[in-house]
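# A structural walkthrough
Given next are the chains, with one letter for each unit.
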Amino acid sequence: MVQPLSDQQRREALQTLPGWSEQPGGKAISRRFVFGNFREAFGFMTQVALAAEQSDHHPDWRNVYKTVEVELTTHDAGGVTARDIALAAVMDKVARQFGLA
Ligand code: HBI
């Protein structure tokens, strides 16, 4: 089974992911994406969903109109793993296609 990152590894990884922050307790990382409209938010979610399914690692997320709130954790491991960091990077890349930083 994949192991959670240490506190130091998680914080170093977060340095490469501006916009993401640790949840209290460090068991998850989160980011809020605000798009131009619902179509963009849903387009983002659709692209990320396909990537998540391909890697068998899925986000906890919530969509309200043009906002997508994401929380990433590896449930099997009970904390943040390299899989969450990789998925966060994918999300950032997809979000850039919609003009987000
Ligand atoms: N997604 N975020 C997340 N965390 C998991 O532990 C996880 C998952 N997607 C699929 C998955 N685990 C399965 O591989 C296992 O539950 C079998």
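Scroll up to find the structure this text is about.
Structural notes, computed from the coordinates.

Quick notes on the rules
Residues numbered from 1 in each chain as written. Predicted model: local features only at pLDDT ≥ 70, side-chain atom pairs only at ≥ 80, totals over all residues. Heavy atoms only, no water. Helix = DSSP H or I, 4+ residues; strand = E, 2+ residues; numbered from the N terminus. Rg over C-alpha atoms; globule rule 2.2 N^0.38 Å. Buried < 20%, exposed > 50% of the residue type's maximum accessible area, 1.4 Å probe, protein only. Areas by Shrake-Rupley, 256 points an atom, 1.4 Å probe, with all protein chains shown as cover. Lys, Arg positive; Asp, Glu negative; His and termini not counted. Charge placed at Lys NZ, Arg CZ, Asp CG, Glu CD. Near = heavy atom within 4 Å. Polar contact = N/O pair within 3.5 Å; in protein donor to acceptor, adjacent residues only side chain to side chain. Nonpolar A, V, L, I, M, F, W, Y, C, P; charged D, E, K, R; others polar.

### Some remarks on the overall build of the chain
In terms of helices and strands, the chain carries three helices and four strands. Along the chain direction, N to C, the helices and strands of the chain fall in the order α-β-β-α-β-β-α. Computed over the C-alpha atoms, the radius of gyration of the chain is 13 Å, within 12% of the 13 Å expected from 2.2 N^0.38 for a compact globule of 101 residues. Projected onto the principal axes, the alpha-carbon positions of the chain cover approximately 35 × 25 × 20 Å. The proportion of buried residues among the 101 residues of the chain is 39%. If you sum the accessible surface of the chain, you get close to 6,000 Å²; carbon and sulfur atoms cover 51% of it. Taken together, the 11 basic and 12 acidic charged side chains of the chain have centroids lying 6 Å from each other.

### Overview of the site of the ligand
Taken together, Asp56, His57, His58, Thr73, Thr74, His75 and Asp76 make up the full set of residues adjacent to the ligand. At 3.0 Å from an oxygen atom of the ligand is found a side-chain nitrogen or oxygen belonging to Asp56. The backbone of His58 places a nitrogen or oxygen atom 2.7 Å from a nitrogen atom of the ligand. Relative to its unbound accessible surface of 390 Å², the ligand loses 67% to contact with the protein. Among the residues forming the shell around the ligand, the class breakdown is no nonpolar, five polar and two charged.

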